[in-house]
Amino acid sequence: MRRSSFSKIVAVGVLLALSACATAPSHINNVCAVFDQNDGWFDNWQSAAERTERKYGIPVPVLMATVRKESGFKSNARPPRTKLLGFIPWKHVSSATGFSQALDGTWSQYQRETGNWAARRTKFADAVDFVGWYHSKTSDTYGVARNDTYNLYLAYYLGWTAYGRGNRGDAGVQGYARATDKMARDYEAQLRQCGS
């Protein structure tokens, strides 16, 4: 009898954990709401973001705005597919995937350098750690301030090689960076009000 009850408790726990990570938050422009919708024992986004801030020195609003811009907090986000013969869905335009939209090669570099071989791009804690790692390397390599969302995002979007050559993207890319910077400032203001 005890074993049966334990099995039911475990099954319910697993279902709750899976349902918590199955859908993106519905109010992605409010970081308090994002954190409230993902505050489980096993998958607490605020704790993961704060842990990343302590580890790399990149502020939570910058981390969250980057993830917001890249994937809209969707774990399974992918770039669009190309079309074969103009109408048949074919390959994705890049290998970017998950919360952080990390490319295969950069993700492999992250795993190698951090030793986090079990990291998955579809797991928020791993993805936000990747963003912190990437921004931290940008800061260390190119002298970008750790709270300079605009330039951190440009380097994230364009890649280190292009950014290091002085490429700052076209007007569209710069618009993405400005929008990410504004989102980080909005998130920072919201964080001061969370729980009040």
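Note that the coordinates shown come from a computational prediction; the quantities given were computed from them, not determined experimentally. (Residues numbered from 1 in each chain as written. Predicted model: local features only at pLDDT ≥ 70, side-chain atom pairs only at ≥ 80, totals over all residues. Heavy atoms only, no water.)

A. Up close: the overall build of the protein chain. The number of helices and strands found in the protein chain is nine helices and two strands. Along the protein chain, helices and strands appear, N-terminal first, in the series α-α-α-α-β-β-α-α-α-α-α. Residue burial in the protein chain is summarised as follows: out of 196 residues, 39% are buried. Pairs at least 24 residues apart make up 51% of the contacts formed inside the protein chain by residues separated by at least 6 positions. Counting every atom, the protein chain has about 11200 Å² of accessible surface; 54% of that belongs to carbon and sulfur. (Helix = DSSP H or I, 4+ residues; strand = E, 2+ residues; numbered from the N terminus. Buried < 20%, exposed > 50% of the residue type's maximum accessible area, 1.4 Å probe, protein only. Contact = heavy atoms within 4.5 Å. Areas by Shrake-Rupley, 256 points an atom, 1.4 Å probe, with all protein chains shown as cover.)

B. Structural context of helix α9 (residues 171–193). Relative to the 33 Å expected for 23 residues at 1.5 Å per residue, α9 spans 33 Å between its end C-alpha atoms, a close match to the ideal helical length. Of the residues making up α9, those classed as buried are V173, A177, T180, M183, A184, Y187 and Q190. Considering only its buried residues, α9 is in contact with α2 (31–36), α4 (60–71) and α7 (149–158). Structurally, the start of α9 carries an N-cap: the backbone nitrogen of G172 is 3.1 Å from a side-chain oxygen of D170. (Expected span 1.5 Å × (residues − 1). Polar contact = N/O pair within 3.5 Å; in protein donor to acceptor, adjacent residues only side chain to side chain.)

C. Layout of the pattern of salt bridges. Counted according to the given criterion, the structure contains six salt bridges. Among the ionic pairs, R121 bridges to D104, the shortest N-O distance being 2.9 Å. Note that R121 is positioned in the loop between α5 (104–114) and α6 (124–142) and D104 in helix α5, a separation of 17 residues in sequence. By relative accessible area, R121 is classed as buried at 16%. (Salt bridge = Lys/Arg side-chain N within 4 Å of Asp/Glu carboxyl O.)

D. Quick peek at the state of the cysteines. Within the structure shown, the criterion is met by one disulfide. Paired through a disulfide, C32 and C194 show a sulfur-sulfur distance of 1.9 Å. Disulfide C32 to C194: torsion about the S-S bond roughly -95°, handedness left-handed. On the criterion of sequence distance, the pair formed by C32 in helix α2 and C194 in the segment after α9 is long-range, its members being 162 residues apart. (Disulfide = S-S within 2.5 Å.)

E. Molecular detail of α6. Under the 1.5 Å per step criterion, the end-to-end length of α6 is 27 Å for 19 residues, consistent within 8% with the ideal 27 Å. With respect to burial, α6 is a largely interior element, 15 of its 19 residues being buried.

F. Broad picture of the nonpolar core. M64, F73, F124 and F130 are the most contacted members of the largest nonpolar core, which has 43 residues in total. Elements with a minimum of two residues in this core: α2, α3 (45–56), α4, α5, α6, α7, α8 (160–164) and α9. For this core, the leading source of residues is α6, giving eight residues. Ignoring anything within four residues of it in the chain, the contact list for M64 reads V31, V34, F35, A49, F73, F124 and Y187. (Core = buried A, V, L, I, M, F, W, Y, C linked by side-chain atoms within 4.5 Å.)

G. Main features of the packing of α7 against α9. Their axes nearest at 8 Å, the elements α7 and α9 cross at an angle of 135°. When the axis of α7 is compared with that of α9, the two are oblique. Judged by the sense of rotation from one axis to the other, the crossing of α7 with α9 is right-handed. Residues T149, Y150, Y153, L154, Y157 and L158 of α7 pack against V173, Q174, Y176, A177, R178, T180, D181 and A184 of α9. Looking at the contact of α7 with α9, its residues break down into nine nonpolar, three polar and two charged. (Axes fitted to C-alpha atoms, helices over the stretch in contact; angles between N-to-C directions. Parallel < 35°, antiparallel > 145°, perpendicular 65-115°, else oblique. Left-handed = near helix turned anticlockwise from the far one by under 90°. Nonpolar A, V, L, I, M, F, W, Y, C, P; charged D, E, K, R; others polar.)

H. Quick peek at the side chain of T149. As for its position among the elements, T149 is in helix α7. Among all residues touching T149, those that are not within four sequence positions of it are V62, T180, D181 and A184.

I. Local environment of the side chain of N38. Structurally, N38 can be placed in the loop between α2 and α3. Polar side-chain contacts of N38 include one of 2.9 Å to the backbone oxygen of V34.

J. Quick peek at the packing of aromatic side chains. In this structure the tally under the stated criterion is 19 aromatic pairs. Relative to W133, the ring of Y110 has its centre 5.4 Å away and its plane inclined at 65°; by these criteria the two rings are edge-to-face. With a gap of 23 residues between them, Y110 in helix α5 and W133 in helix α6 connect regions that are remote in the sequence. Accessibility classification places Y110 together with W133 in one group, the buried group. An aromatic cluster of three or more residues is present, and its members are W107, Y110, F130, W133, Y134, Y153, Y156, Y157, W160 and Y176. (Phe/Tyr/Trp six-rings, centres within 6.5 Å; stacked < 30°, edge-to-face > 60°.)

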